[in-house]
Amino acid sequence: MRRKLAAGNWKMNGLTASLVEIEKLLETHPDPGCEMLICPPATLIAQVAWRCRNKHLKIGAQDCHWEAAGAHTGDISAPMLADAGASYVILGHSERRTDHEETDAEIAAKTEAAWAAGLTAIVCVGESERQRDLGTALPVVGGQLDTSLPAGCTGENLVVAYEPIWAIGTGRTPSPAEIAEMHDFMRAALVGRFGDAAKDIRLLYGGSVKPANAAEIFGISNVDGALVGGASLKAADFGAIIDALASA
Ligand code: 13P
């Protein structure tokens, strides 16, 4: 059985004042019925972790370096994130692939670094609008899975998030049939490479998930949860998405 996962990616949003949203979420969802995770900016991880001790809210980071320590000014390593209280880390988000020109090989190295620090990696894949229009979404995502994932992926150390770039922050989503096609394809690709261990890898959908479309998305085959951007910033919206997942 795969535990359903509602993950919020705050991206470059959130100051100390935003911690009130965490408090609200903890108050309204003491026993959420699925796994819930917030990935705040690195500056807030330790404070969120302190508020979440002994609570059902996990904490993740949004990136890590592939080395554990060293001369890399401004970067943060996986052991530092674990030390601050994170148990997950998002890797290879399309915004990092674009803004920082991250390559699949770097993402694979970061995934191994995350594992070495005891973190679960949430590796993001997804096609551009042009690739979708050209009919190459499946092979593009298949290629990203092949080269962004190192050997040894299991349901314990890996979550995959399918985030079509054209659906991120746009209010547009693929049709349920398109999401089902991609998630079934990813499951088959992962099982083909990693065997039965891949049956436990959770597959999240991300891109304009809102309270209004969450239930429909969570009813789709091989969708084990969501990676939510904008709608995770407010406890009321993220809470509604969590409720939709718990009752899916
Ligand atoms: P939005 O939910 O704001 O579209 O962002 C999705 C995303 O990029 C999550 O990682």
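Residues numbered from 1 in each chain as written. Predicted model: local features only at pLDDT ≥ 70, side-chain atom pairs only at ≥ 80, totals over all residues. Heavy atoms only, no water.

Notes on the side chain of N157
Inference 1: For N157, the location among the structural elements is in the loop between α7 (137-148) and β6 (158-162).
Inference 2: Not counting the four nearest positions on each side in its chain, N157 is found in contact with W115, T120, A121 and G152. (Helix = DSSP H or I, 4+ residues; strand = E, 2+ residues; numbered from the N terminus. Contact = heavy atoms within 4.5 Å.)

Focus: the site of the ligand
Inference 1: Surveying the vicinity of the ligand reveals 13 residues, the closest of which are K11, H93, E163, G169 and S208.
Inference 2: K11 is positioned with one of its side-chain polar atoms (N or O) 2.8 Å from an oxygen atom of the ligand.
Inference 3: In this structure, G169 approaches the ligand through a main-chain N or O atom, which is 2.6 Å from an oxygen atom.
Inference 4: When the free accessible area of the ligand is taken as 300 Å², the share hidden by the protein chains comes to 96%.
Inference 5: Of all the cavities here, the one that holds the ligand is the second largest pocket. (Near = heavy atom within 4 Å. Polar contact = N/O pair within 3.5 Å; in protein donor to acceptor, adjacent residues only side chain to side chain. Areas by Shrake-Rupley, 256 points an atom, 1.4 Å probe, with all protein chains shown as cover. 1 Å grid on protein atoms, 1.4 Å probe; cavity = no way out; pocket = protein on both sides within 12 Å on 5 of 7 lines; lining within 4 Å. Sits in = over half its atoms within 2 Å of the grid points.)

Here's the deal with the side chain of R132
Inference 1: Here R132 shows up in helix α6 (residues 129-133).
Inference 2: One polar contact links R132 to Y162, side chain to side chain, over a distance of 3.1 Å.
Inference 3: Apart from the residues lying within four places of it in its own chain, the contact partners of R132 are E127, A137, Y162, W166, E178 and M182.

Digging into empty space enclosed by the protein
Inference 1: Scanning the entire structure with this criterion turns up one cavity of 30 Å³ or more.
Inference 2: Its boundaries defined by the atoms lining it, the largest cavity holds a volume of some 30 Å³.
Inference 3: Secondary structure elements with two or more residues in the lining of the largest cavity: α1 (19-28) and α10 (235-246).
Inference 4: Looking at the lining of the largest cavity element by element, the count peaks at three residues for α1.
Inference 5: Across the lining of the largest cavity, the residue classes tally to six nonpolar, one polar and two charged. (Points joined across faces, edges and corners; volume = space filled by probe spheres on them. Nonpolar A, V, L, I, M, F, W, Y, C, P; charged D, E, K, R; others polar.)

Describing the environment of I76
Inference 1: As for its placement among the helices and strands, I76 is situated in the loop between β3 (57-61) and α3 (78-84).
Inference 2: Taking relative accessible area as the criterion, I76 reaches 32% and is therefore assigned partly exposed.
Inference 3: Spatially, the C-alpha atom of I76 lies 9.3 Å from that of W66, the residues being ten residues apart in sequence.
Inference 4: Ignoring anything within four residues of it in the chain, the contact list for I76 reads A42, C64, H65 and L81. (Buried < 20%, exposed > 50% of the residue type's maximum accessible area, 1.4 Å probe, protein only.)

Some words on the layout of surface pockets
Inference 1: Within this model, the largest pocket holds a volume of roughly 590 Å³.
Inference 2: Lining the largest pocket we find 20 residues, and of these K11, M12, Q62, D63 and R96 sit closest to its centre.
Inference 3: Here the lining of the largest pocket takes three residues from helix α4 (residues 94-99), the largest share from any one element.
Inference 4: Class assignment of the residues belonging to the lining of the largest pocket gives a composition of eight nonpolar, six polar and six charged.
Inference 5: In this structure, the second largest pocket occupies an estimated 150 Å³ of space.
Inference 6: Lining the second largest pocket are 16 residues, with K11, G169, S208, G229 and G230 sitting closest to its centre.
Inference 7: Here the residues of the lining of the second largest pocket are counted per class, giving five nonpolar, eight polar and three charged.

Focus on unusual backbone geometry
Inference 1: Positive phi outside glycine occurs at N54, with the angle close to 60 degrees.
Inference 2: By the secondary structure assignment, N54 is in the loop between α2 (45-51) and β3.

Thoughts on the pairing of strand β4 (residues 88-91)
Inference 1: Of the two faces of β4, the one lined by Y88 and I90 and the one lined by V89 and L91 are each fully buried.
Inference 2: As paired strands, β3 and β4 are joined by two bridges and run parallel to one another. Within the sheet, the bridge partner assigned to G60 lies in β4 and is Y88.
Inference 3: Between the parallel elements β3 and β4, the chain passes through α3 in a crossover that is right-handed.
Inference 4: Taken together, the four bridges between β4 and strand β5 (residues 120-125) define a ladder with parallel strand orientation. (Pairing = 2+ DSSP bridges. Right-handed = clockwise from strand over helix to strand, strands pointing away.)

In short, geometric facts, not functional conclusions.
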